[in-house]
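Take a look at the letters that make up each chain.
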Amino acid sequence: MIKQILIDFISDIKKFESLLRKEYHLTDDQRIMPSMNHPYGKKGQIENYIFWFHGNGCTLKNGNIEYHYSYHIHEITFSFWPIKTFIETHPHMQ
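Residues numbered from 1 in each chain as written. Predicted model: local features only at pLDDT ≥ 70, side-chain atom pairs only at ≥ 80, totals over all residues. Heavy atoms only, no water.

**Notes on the nonpolar core**
Soluble, globular proteins show a tendency: their nonpolar side chains are buried together.
Right, on to step 1. Of all hydrophobic cores here, the largest spans 21 residues; its most connected members are Phe16, Leu20, Phe51, Phe53 and Leu60.
Right, on to step 2. Those elements that provide at least two residues to this core are α1 (2–23), β2 (49–54), β3 (57–62), β4 (65–72) and α2 (80–89).
Right, on to step 3. Ranked by the residues each element gives to this core, the list is headed by α1, at six residues.
Right, on to step 4. Ignoring sequence-local partners within four residues, the contact set of Leu60 consists of Ile13, Phe16, Tyr49, Ile50, Phe51, Ile65, Glu66, Tyr67 and Tyr69. (Core = buried A, V, L, I, M, F, W, Y, C linked by side-chain atoms within 4.5 Å. Buried < 20%, exposed > 50% of the residue type's maximum accessible area, 1.4 Å probe, protein only. Helix = DSSP H or I, 4+ residues; strand = E, 2+ residues; numbered from the N terminus. Contact = heavy atoms within 4.5 Å.)

Have a look at this one:
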């Protein structure tokens with residue numbers, strides 16, 4: 001079950017990033033990161049995702065589901081707390 005939770009967590013983040021790339025015409029090699037200089041800004045909404053870029057990471061909400069993650073180079077990183085929050089806020093995980 002943990003493997004599926006991690007797959008769902010990463011898949012949802014990748015879906016958000018794909019939507020952001022499509023909306024703002026970003027290529028796959030352009031890094032999505034928190035910055036006032038990027039066209040999507042630090043806070044916003046795309047489809048059902050409300051996003052807030054901060055520090056080296058991002059907070060996403062899709063309805064009541066919360067995602068918290070960071071970036072290291074081009075890789076998504078996270079600790080136990082974001083996965084715990086994802087599980088607690090995801091209706092299929094409760």
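**Some points on the confidence of the model for the chain**
Right, on to step 1. Overall, the predicted model of the chain reaches an average pLDDT of 81, with 85% of residues at or above 70.
Right, on to step 2. Of all secondary-structure elements in the chain, the lowest mean pLDDT belongs to strand β5 (residues 75–77), at 69, while strand β1 (residues 43–46) reaches the highest, 92. (pLDDT = per-residue confidence, 0-100.)

**A few points about α1**
Right, on to step 1. When the terminal C-alpha atoms of α1 are compared, their 32 Å separation across 22 residues agrees well with the 32 Å that a helix rising 1.5 Å per residue should span.
Right, on to step 2. Those residues of α1 that sit buried are Ile5, Phe9, Asp12, Ile13, Phe16, Glu17, Leu19, Leu20 and Arg21. (Expected span 1.5 Å × (residues − 1).)

**Section: the packing of aromatic side chains**
Right, on to step 1. In this structure the tally under the stated criterion is five aromatic pairs.
Right, on to step 2. Judged by centre distance (6.4 Å) and plane angle (40°), the ring pair of Phe16 and Phe53 falls under tilted. Remark: Phe53 occurs in strand β2 and Phe16 occurs in helix α1; sequence separation between them is 37 residues.
Right, on to step 3. Ring-pair connections join several aromatic residues into one group, and the members of that group are Phe16, Tyr49, Phe51 and Phe53. (Phe/Tyr/Trp six-rings, centres within 6.5 Å; stacked < 30°, edge-to-face > 60°.)

**As for the pairing of β1**
Right, on to step 1. In terms of strand pairing, β1 meets β2 through four bridges, oriented antiparallel. When the bridges of β2 are listed, Gln45 appears paired with Ile50.
Right, on to step 2. Two successive antiparallel strands, β1 and β2, enclose a turn made up of two residues, where Glu47 displays a positive phi of approximately 50°. (Pairing = 2+ DSSP bridges.)

**Overview of unusual backbone geometry**
Right, on to step 1. Phi angles above zero are rare outside glycine, and His25 is one such case at about 55°.
Right, on to step 2. Assignment of secondary structure puts His25 in the loop between α1 and β1.
Right, on to step 3. On the basis of relative accessible area, His25 is assigned to the exposed category, the value being 69%.
Right, on to step 4. With a phi angle near 50°, Glu47 is a residue other than glycine that sits in the positive phi range.

**With respect to α2**
Right, on to step 1. The complete set of buried residues in α2 reads Pro82, Ile83, Thr85, Phe86 and Thr89. End-on view of α2: buried residues confined to an arc of 160°, all on one side of the axis. (Arc of directions from axis to C-beta.)

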